[in-house]
Amino acid sequence: MCGIVGAIARRNVSKILIEGLSRLEYRGYDSSGIAINNGNGVFAHRAVGKVQALKDKFSIEPLDGKLGIAHTRWATHGKPTEANAHPHFSGDHLALVHNGIIENHEPLRRDLKAKGYQFKSETDTEVIVHLIDDALKTEPDLLRAVQKTLAKLEGAFAIAVVSSSDEERFIAARKGSPLVVGVGIEENFVASDQLALLHVTDQFIFLEEGDVVEVARDAVTIYDQSGAVQDRPISVFNHNVDATDKGEFRHYMMKEIYEQPKVIAACLEGRISESKVLTSCFGADSGFLKEVENVHIVACGTSYHAGLVAKYWLEDLAGVPCSVEVASEYRYRKVAVPKNTLFLTLSQSGETADTLAALRMAKTLAYLTTLAICNVPSSTLVRESALTLLTNAGAEIGVASTKAFTTQLTALLITSVAIAVENGLSAEKEKALVQAMRSLPSYVNAALQEDAHIKKIADRFANKHHALFLGRGAMFPIALEGSLKLKEISYIHAEAYPAGELKHGPLALVDENMPIITMVPHNDMLDKLKSNLQEVAARGGELYVFADKDTELNNEKNITFTEVPKVERILEPIVHTIPLQLLSYHVAVVKGTDVDQPRNLAKSVTVE
Ligand code: G6P
């Protein structure tokens, strides 16, 4: 995913920009570049591959100046080449970096070509810089030319622009992609992420959607979408939550649970607009979406559970048959591949031996193509798959996967909707789904508010030896994931069942020593699930119900109620995951087990 850094200072900014890019590397990228206004004009270096390649260019040919913009690019429109790397120029006087996707770039490009503009790259970005140049012909003020241009753009973007005729400021803007302002003393900055600027400041202004910002050495002026000047507050970065340590948290697992609103937002970033899934997130070749008639999902552990949820989404939204299988089984059997089947792997690490072996086998079979949903951009799985959708969860250190799982679900939801659109999903339905997705980070945040309550009930699990998790529909895989979390870190034996299977066996286990954990969203399965709860209560089972208020469930004898936010049905599996993560975490803490490194388990299983 692309990253932006911009700086204006009384000192040379090239080192500040390079360090900023290094700090954005975790986002995943394939090329990088920097443009500097050194007083004699705007000059740039670009390089394919790691930021180190760009550093090498700077050491051969230094480029110093007190104003500059920088970028790490993750290719969408056009291959990762030097020509496609940002900054993009109009003439030699105007340079721009961009994060996001301009949906209407094709008609804009046609108009600009008709006006005589020549394009040097295949990117959607290049239209923006030429549009600004065109606007400057009638509106010589850079700020106003940028504002005029932004009104013509559809899609998601954050941008930063420098001009050779403006040594005292640069202009930046955001709509749909993140951008923060870093405030220094006689120097100011912008970046896609606070982490990119922590070496120069800890004071930040969070821009709002549609904001345009004029960044000078001594002043930062923010204009909202209507052009009115706005005074946005400065926040001081809490160094306790630096990505590289546990910060205020006792364990990485808890830190990662709390990061979920942020990383889910990062996973959605640049992949949805106000009303659409932006299919270019699958790379330049998203044409495969039209052809998908079947999906085979293969993964291990928690990633496999994410795949099980996607089956519900794909068959419900897209009407596309989907099968989900653990990689260690898939790789050792003869697989029948229906025509036009997408082979989809899920993996946090991208290094899991069975998943890699499954991919290699799949590549010898007649699949339509291979898509990896993965958290590690440089992993083998990503390198060996034809297509990739990165989850952007950042480094996950706790062995029990939490944020990797919910971002996998987010990426799977994007994929399911994209396939559904090609299978006749109406624009209206797509818009409703996309708008629901936009609320996801705040829903997850609301679910985290039950932490203190869950901590209290965790005490009651300390002496239990078994637990049963029940769910129906897409909540069944969440029951599986909840039971896996509990067993992984608290060593309590836990099983998950579809609630309708209760009478076919597990009911025999139910007595007053058996906690039964159930996820009960208010949907069309509610009444059936309530009957299952009665069956358990009648046998003295101790029920822990995670439900939204509309279910009218409450604390009763043998029933402990935990509120989960009411959300759109499609989001229920993601939001209901949060309390189960918190429950397993607190139970493990009460039991005193090694939360982050549970016995016998590894984070990345690189052997069979
Ligand atoms: C190990 C980890 C799990 C993970 C599984 C699959 O078992 O402990 O948390 O779900 O591997 O890993 P992957 O990296 O492929 O998602």
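On a predicted model such as this, the values are computed, not experimentally measured, just so you know.

**Student:** How should I be thinking about the side chain of glutamate 256 in this particular structure?
**Tutor:** Within the secondary structure, glutamate 256 is located in helix α6 (residues 252-258). Buried and unpaired, glutamate 256 has lysine 403 as its nearest opposite-charge partner, separated by 5.0 Å. Contact partners of glutamate 256, with chain neighbours within four places excluded, come to Ala395, Glu396, Ile397, Gly398, Thr402 and Lys403.

**Student:** Just to check I follow, could you spell out the UniProt feature "active site" (unreviewed entry) in the protein for this structure?
**Tutor:** Within this structure's numbering, the places UniProt gives as "active site" (unreviewed entry) are Cys2 and Lys603. For the residues just named, distributed over 602 residues, the greatest C-alpha separation reaches 27.0 Å, placing them at more than one site. Relative accessible area serves as the criterion here: at 8%, cysteine 2 is assigned to the buried category. Ignoring any residue separated from it by four or fewer positions in sequence, one finds lysine 603 in contact with Gln348, Glu396, Ile397, Gly398, Val399 and Ser401.

**Student:** Looking at this model, I keep getting lost on helix α17 (residues 526-537). Mind explaining?
**Tutor:** Residue pairs spaced three or four apart in an α-helix point in one direction, given the helix's 3.6 residues per turn. For α17, built from twelve residues, the straight-helix expectation of 16 Å at 1.5 Å per residue is met to within 8% by its first-to-last C-alpha distance of 16 Å. For α17, every residue scored as buried is listed here: Leu526, Leu529, Asn532, Leu533, Glu535 and Val536.

**Student:** Would you take a moment to explain the pattern of salt bridges for this structure?
**Tutor:** As a working rule, side chains carrying opposite charge can pair if their charged atoms are close by. Evaluation of the coordinates by the stated rule reveals 28 salt bridges. Note that arginine 217 is salt-bridged to glutamate 168, the shortest N-O span being 3.2 Å. One end of the pair, arginine 217, is in the loop between β12 (212-216) and β13 (220-223); the other, glutamate 168, is in the loop between β7 (155-163) and β8 (169-175), and 49 residues separate them in sequence. With a relative accessible area of 10%, arginine 217 lands in the buried category. By relative accessible area, which is 54% here, glutamate 168 ends up exposed.

**Student:** I keep staring at the environment of leucine 94 and nothing clicks. Help me out?
**Tutor:** Relative to the assigned elements, leucine 94 resides in strand β6 (residues 94-102). Put simply, leucine 94 and aspartate 224 are 130 residues apart on the chain and 23 Å apart in space, counted from C-alpha to C-alpha. If sequence neighbours within four positions are ignored, leucine 94 has contacts with His88, Phe89, Val129, Ile132, Asp133, Leu136, Leu142, Val161, Val162 and Ser163.

**Student:** Explanation requested: the site of the ligand in the structure shown.
**Tutor:** Near the ligand, the surroundings consist of 13 residues, among which Ser303, Ser347, Gln348, Ser349 and Thr352 are the closest. Within the contact set of the ligand, an oxygen atom lies 2.5 Å away from a side-chain nitrogen or oxygen of threonine 352. Compared with its free state, where it exposes 380 Å², the ligand has 90% of that area covered by protein. Counting residues per element, the shell around the ligand draws most heavily on helix α9 (residues 301-318), at three residues.

**Student:** What exactly am I supposed to notice about the packing of aromatic side chains here?
**Tutor:** Where two aromatic rings form a pair, the distance of their centres and the angle of their planes describe that pair. Within this structure, the stated rule accounts for five aromatic pairs. Geometrically, the ring pair formed by phenylalanine 343 and tyrosine 367 is tilted, given 5.0 Å between the ring centres and 55° between the ring planes. On the criterion of sequence distance, the pair formed by phenylalanine 343 in strand β18 (residues 341-347) and tyrosine 367 in the loop between α11 (353-362) and β19 (369-374) is long-range, its members being 24 residues apart. For tyrosine 367, a relative accessible area of 11% corresponds to the buried category. For the ring pair phenylalanine 461 and tyrosine 544, a centre distance of 4.8 Å and an interplane angle of 45° mean the geometry is tilted. Here tyrosine 544 lies in strand β24 (residues 542-547) and phenylalanine 461 lies in the loop between α15 (451-458) and β21 (466-471), a separation of 83 residues in the sequence. When its relative accessible area of 1% is taken as the criterion, phenylalanine 461 is described as buried. Three or more aromatic residues link up through ring pairs in this structure, and these residues are Tyr330, Phe343 and Tyr367. Lying across the ring of phenylalanine 119, arginine 109 places its NZ or CZ 4.4 Å from the centre. One residue, arginine 599, lies across the ring of tyrosine 491, its end atom 3.8 Å from the ring centre.

**Student:** Where do I start with the sheet that holds strand β2 (residues 31-37) in this structure?
**Tutor:** Strand pairing in a sheet is mediated by backbone hydrogen bonds. Such pairs are either parallel or antiparallel. What the eight strands build is an open sheet, ordered β3-β2-β4-β1-β10-β9-β11-β15; its pairing is antiparallel. Each edge of the open sheet is held by one strand with a lone partner, namely β3 (42-48) and β15 (235-236). Of the strand pairs in this sheet, strand β11 (residues 203-206) and β15 are connected by two bridges, and their pairing is antiparallel. Residue pairing for β15: glutamine 203 is matched across the bridge by valine 236. Its contacts with the sheet put helix α2 (residues 51-60) on β2, β3 and β4 (67-73), and the angle it makes with β3 is roughly 135°.

**Student:** So what exactly am I meant to see when it comes to α11 here?
**Tutor:** Across the ten residues of α11, nine count as buried, placing the element largely inside the fold. Where α11 is concerned, the buried positions are Ala353, Asp354, Thr355, Leu356, Ala357, Ala358, Leu359, Met361 and Ala362. Residues of α11 that are buried make contact with β16 (294-299), α10 (327-330), β18, β19 and α12 (380-384).

**Student:** Where do I start with the nonpolar core in this structure?
**Tutor:** One broad trend across soluble globular proteins is that nonpolar side chains are buried collectively. Formed by 90 residues in total, the largest nonpolar core has its most connected members in Val295, Ile297, Trp313, Leu344, Ile419, Phe469 and Ile517. Each residue touching leucine 344, except ones within four places of it in the same chain, is listed here: Val295, His296, Ile297, Val298, Leu371, Ile373, Leu412 and Thr415. Grouped together as the second largest cluster of nonpolar side chains are 28 residues, Ile16, Ile34, Ile36 and Val200 included.

**Student:** Is there a simple way to explain the pairing of strand β17 (residues 322-326) in this structure?
**Tutor:** On a regular strand, one side chain projects to one face of the sheet and the next to the other, so that they alternate. One ladder, built from five bridges, connects β16 with β17; its direction is parallel. What sits directly across from histidine 296, in β17, is serine 323. This β-α-β element, β16 to α9 to β17, shows right-handed connectivity.

**Student:** Quick question: what am I supposed to make of the sheet that holds β7 here?
**Tutor:** Taken in spatial order, the seven strands make up an open sheet running β5-β6-β7-β8-β12-β13-β14, and their pairing is antiparallel. The strands lining the two open edges of the sheet, one partner per strand, are β5 (88-90) and β14 (229-230). Along the sheet, helix α4 (residues 126-138) makes contact with β5, β6 and β7, crossing β6 at roughly 130°.

**Student:** Which parts of the structure should I look at to understand the packing of helix α3 (residues 105-114) against α4?
**Tutor:** Packed helix pairs are characterised by how far apart their axes lie and by the angle those axes make with each other. With their axes 10 Å apart at the nearest point, α3 and α4 run at an angle of 45° to one another. Our classification of the angle between α3 and α4 gives oblique. Here α3 and α4 pass one another in a crossing that is left-handed. In contact with His105, Leu108, Arg109 and Leu112 of α3, α4 contributes Val127, His130 and Leu131.

Analysis parameters
The numbers attached to residues start from 1 for each chain and follow its sequence in the written order. Local features in this predicted model are restricted to residues whose pLDDT is 70 or higher, and side-chain atom pairs enter the listing and the counts only when it is 80 or higher, whereas totals over whole chains, interfaces and linings include all residues. The basis for every side-chain value is the complete set of non-hydrogen atoms in the structure, without hydrogens or water. Working definition: helices are DSSP H or I runs of at least four residues, strands are E runs of at least two. Numbering for both runs from the N terminus. Per-residue accessibility, obtained with a 1.4 Å probe over protein chains only, is compared with the maximum for each type, and a residue is labelled buried under 20%, exposed over 50%, and partly exposed between these values. His is not counted, nor are the chain ends, whereas Lys and Arg count as positive and Asp and Glu as negative. Any Lys or Arg side-chain nitrogen found within 4 Å of a carboxyl oxygen on Asp or Glu counts as a salt bridge. We call two residues in contact whenever any of their non-hydrogen atoms come within 4.5 Å of each other. UniProt positions are given in the numbering used here, feature names are shortened, and annotations may be inferred rather than shown by experiment. For a helix, the expected span equals 1.5 Å multiplied by the residue count minus one. Nearness is judged by heavy atoms alone; a residue qualifies as near a molecule or strand once a single heavy atom is within 4 Å of it. Two N or O atoms form a polar contact when they lie within 3.5 Å of each other; inside protein one atom must be a possible hydrogen donor and the other a possible acceptor, and for residues adjacent in sequence the pair counts only when both atoms belong to side chains. Computed with a 1.4 Å probe, the accessible areas rest on the Shrake-Rupley method; for each residue, only the protein chains presented here act as cover. Geometry of aromatic contacts follows a simple scheme: Phe, Tyr and Trp rings, the Trp one being its six-membered ring, pair when their centres are within 6.5 Å, and the pair is stacked under 30 degrees between planes, edge-to-face over 60, tilted otherwise. Two limits define a charge over a ring: the Lys NZ or Arg CZ must be within 6 Å of the ring centre, and within 35 degrees of the ring normal. Paired strands, in this sense, are two strands between which DSSP finds at least two bridges. Only the contacting stretch of a helix is used when fitting its axis, a line to C-alpha atoms as for every element, and angles between N-to-C directions run 0 to 180 degrees. We define the nonpolar core as a collection of buried residues of types Ala, Val, Leu, Ile, Met, Phe, Trp, Tyr and Cys that are connected through side-chain atoms lying within 4.5 Å of one another. If the strands point away from the viewer and the path from the first strand over the helix to the second runs clockwise, then the crossover is right-handed. Put simply, angles under 35 degrees are roughly parallel, angles over 145 are roughly antiparallel, angles from 65 to 115 are roughly perpendicular, and the rest are oblique. Here a crossing is taken to be left-handed if its near helix is turned anticlockwise relative to the far helix by less than a right angle, and right-handed if that turn runs clockwise.

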